[in-house]
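# Reading the structure
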Amino acid sequence: MAVFSRGFGARRRESDPRLPPGQYLTDDFPVLSAGPTPQVDTSEWTFTIRNESGSSVSWTWEQFLELPIEDVDTDIHCVTRWSKLDTSWRGVSLDTLMEHVETDAAAAMAHCYGGYTTNVPLEDLLGGRSWVAFEFDGEPLDPEHGGPARLLVPHLYFWKSAKWVRGLELIDEDAPGFWEQNGYNMHGDPWTEERYW
Ligand SMILES: Nc1nc2c(c(=O)[nH]1)N[C@H]1C(S)=C(S)[C@@H](COP(=O)(O)O)O[C@H]1N2
Ligand SMILES: [Mo]
């Protein structure tokens, strides 16, 4: 059991039980993008979920904002080893979105404006564990952090939290997305250090 005393803030932070193995804490919010930041206007933004039989449901920005919106306070963990605690977001839960979809799919491929993809097992998207987020720290999500909207799957490494997300393709069998084809783990649990294959 850890014993903490007052006045040793830094030391206490290094041993924070919320820090997964091999991670360090940062107060910054680093930007990690595999390409240029796409400029996506909310007047043109749509979010589409397509199921494994090809039916799809889409929301415009206005329709999206009429859905139940949740406040999310969570820690985030990047595979490049930074973690950031107590980040605050607003977005729509995937549970809410998936109420409109019939599926027996095993996984989802997230598709983004700009072309990035990442795969997430469906069970990791449900149960109050993922959102399509459009606000960070009380402000509209900055374009370089994925604005207008990004996937937020904070219990997995942050590469699964697809920026500029435009939809999910539900798939019968899990398949690798962009980083996963380049050696990153299919699942990406920071607590068991599922970093690479
Ligand atoms: N569309 C898109 N989403 C992305 C990425 C990307 O390159 N393109 N990078 C991923 C990676 S590797 C990380 S660590 C996080 C970084 O998010 P941030 O730039 O907001 O910190 O976004 C993830 N989502
Ligand atoms: Mo990352």
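Remember, it's a predicted structure, so these values are computed and weren't measured experimentally. (Residues numbered from 1 in each chain as written. Chains lettered and ligands numbered in written order. Predicted model: local features only at pLDDT ≥ 70, side-chain atom pairs only at ≥ 80, totals over all residues. Heavy atoms only, no water.)

## Concerning the packing of aromatic side chains
For the structure shown, the criterion picks out 19 aromatic pairs. Pairing Tyr 116 with Phe 178 gives two aromatic rings, centres 5.8 Å apart and planes at 50 degrees, and the pair type is tilted. Of the two residues, Tyr 116 is situated in the loop between strand S6 (107-112) and strand S7 (117-121) and Phe 178 in helix H5 (residues 178-181); the sequence distance between them amounts to 62 residues. On the basis of relative accessible area, Tyr 116 is assigned to the buried category, the value being 17%. What makes Phe 178 partly exposed here is its relative accessible area of 32%. Three or more aromatic residues link up through ring pairs in this structure, and these residues are Tyr 116, Tyr 157, Trp 159, Phe 178, Trp 179, Tyr 184 and Tyr 196. (Phe/Tyr/Trp six-rings, centres within 6.5 Å; stacked < 30°, edge-to-face > 60°. Helix = DSSP H or I, 4+ residues; strand = E, 2+ residues; numbered from the N terminus. Buried < 20%, exposed > 50% of the residue type's maximum accessible area, 1.4 Å probe, protein only.)

## Section: the site of ligand 1
Lining the immediate environment of ligand 1, one finds 19 residues, of which Pro 30, Ala 34, His 145, Arg 150 and Lys 163 sit closest. Separating an oxygen atom of ligand 1 from a backbone N or O atom of Pro 30 is a distance of 2.5 Å. At a separation of 2.9 Å, an oxygen atom of ligand 1 approaches a polar backbone atom of Leu 32. When the free accessible area of ligand 1 is taken as 530 Å², the share hidden by the protein chains comes to 97%. In a pocket analysis with a 2 Å cut-off to the grid points, ligand 1 is assigned to the largest pocket. Considering only residue class, the shell around ligand 1 consists of 14 nonpolar, 3 polar and 2 charged. (Near = heavy atom within 4 Å. Polar contact = N/O pair within 3.5 Å; in protein donor to acceptor, adjacent residues only side chain to side chain. Areas by Shrake-Rupley, 256 points an atom, 1.4 Å probe, with all protein chains shown as cover. 1 Å grid on protein atoms, 1.4 Å probe; cavity = no way out; pocket = protein on both sides within 12 Å on 5 of 7 lines; lining within 4 Å. Sits in = over half its atoms within 2 Å of the grid points. Nonpolar A, V, L, I, M, F, W, Y, C, P; charged D, E, K, R; others polar.)

## A few points about the sheet that holds S7
Overall, mixed pairing links the 5 strands, which are arranged S3-S2-S11-S6-S7 in an open sheet. Every other strand in the sheet has two partners, leaving strand S3 (56-60) and S7 as the edge strands with one partner each. Neighbouring strand axes in the sheet, compared pairwise and without regard to direction, differ in orientation by 15 degrees on average. Across 3 bridges, strand S2 (residues 46-50) lies against strand S11 (residues 165-171) in parallel orientation. Opposite Thr 48, over in S11, you have Gly 167 as the bridge partner. (Pairing = 2+ DSSP bridges. Axes fitted to C-alpha atoms, helices over the stretch in contact; angles between N-to-C directions.)

## Some remarks on the pattern of salt bridges
For the structure shown, the criterion picks out 9 salt bridges. Three or more residues are tied together by salt bridges with common partners; here these are Asp 16, Arg 18, Asp 75 and Asp 86. (Salt bridge = Lys/Arg side-chain N within 4 Å of Asp/Glu carboxyl O.)

## Focus: the layout of surface pockets
Counted as a void, the largest pocket has a volume near 460 Å³. Residue lining of the largest pocket: 27 residues in total, with Leu 32, Ser 33, Ala 34, Tyr 116 and Trp 179 positioned closest to the centre. Taken together, the residues that form the lining of the largest pocket break down as 18 nonpolar, 7 polar and 2 charged. Volume-wise, the second largest pocket comes out at about 170 Å³. Every residue along the wall of the second largest pocket is listed here: Pro 38, Gln 39, Val 40, Trp 61, Phe 134, Glu 135, Pro 140, Leu 141, Pro 143, Gly 147 and Pro 148. Along the lines of polarity and charge, the residues of the lining of the second largest pocket split into 8 nonpolar, 2 polar and 1 charged. (Points joined across faces, edges and corners; volume = space filled by probe spheres on them.)

## Re a negative patch on the surface
Where like charges cluster on the molecular surface, the negative patch consists of Glu 102, Asp 104, Asp 172, Glu 173 and Asp 174. Within the secondary structure, Glu 173 is located in the loop between S11 and H5. (Patch = residues over 30% accessible without salt bridge, like charges linked within 9 Å, V, L, I, M, F, W, Y side chains within 5 Å. Lys, Arg positive; Asp, Glu negative; His and termini not counted. Charge placed at Lys NZ, Arg CZ, Asp CG, Glu CD.)

## What to know about the pairing of S7
The element S7 is largely enclosed, with a buried count of 5 among its 5 residues. Burial along S7 is two-sided: the residues Thr 117, Asn 119 and Pro 121 and Thr 118 and Val 120 are all buried. Bridge count for S6 against S7 is 5 bridges, and the pairing is antiparallel. Across the sheet, the residue bridging to Ala 108 is Val 120, located in S7. Hairpin connection of S6 to S7: 4 residues between the antiparallel strands, including Gly 114 at a positive phi of 100 degrees.

Note that every value here comes from positions in space, so none of it alone points to a role or purpose.
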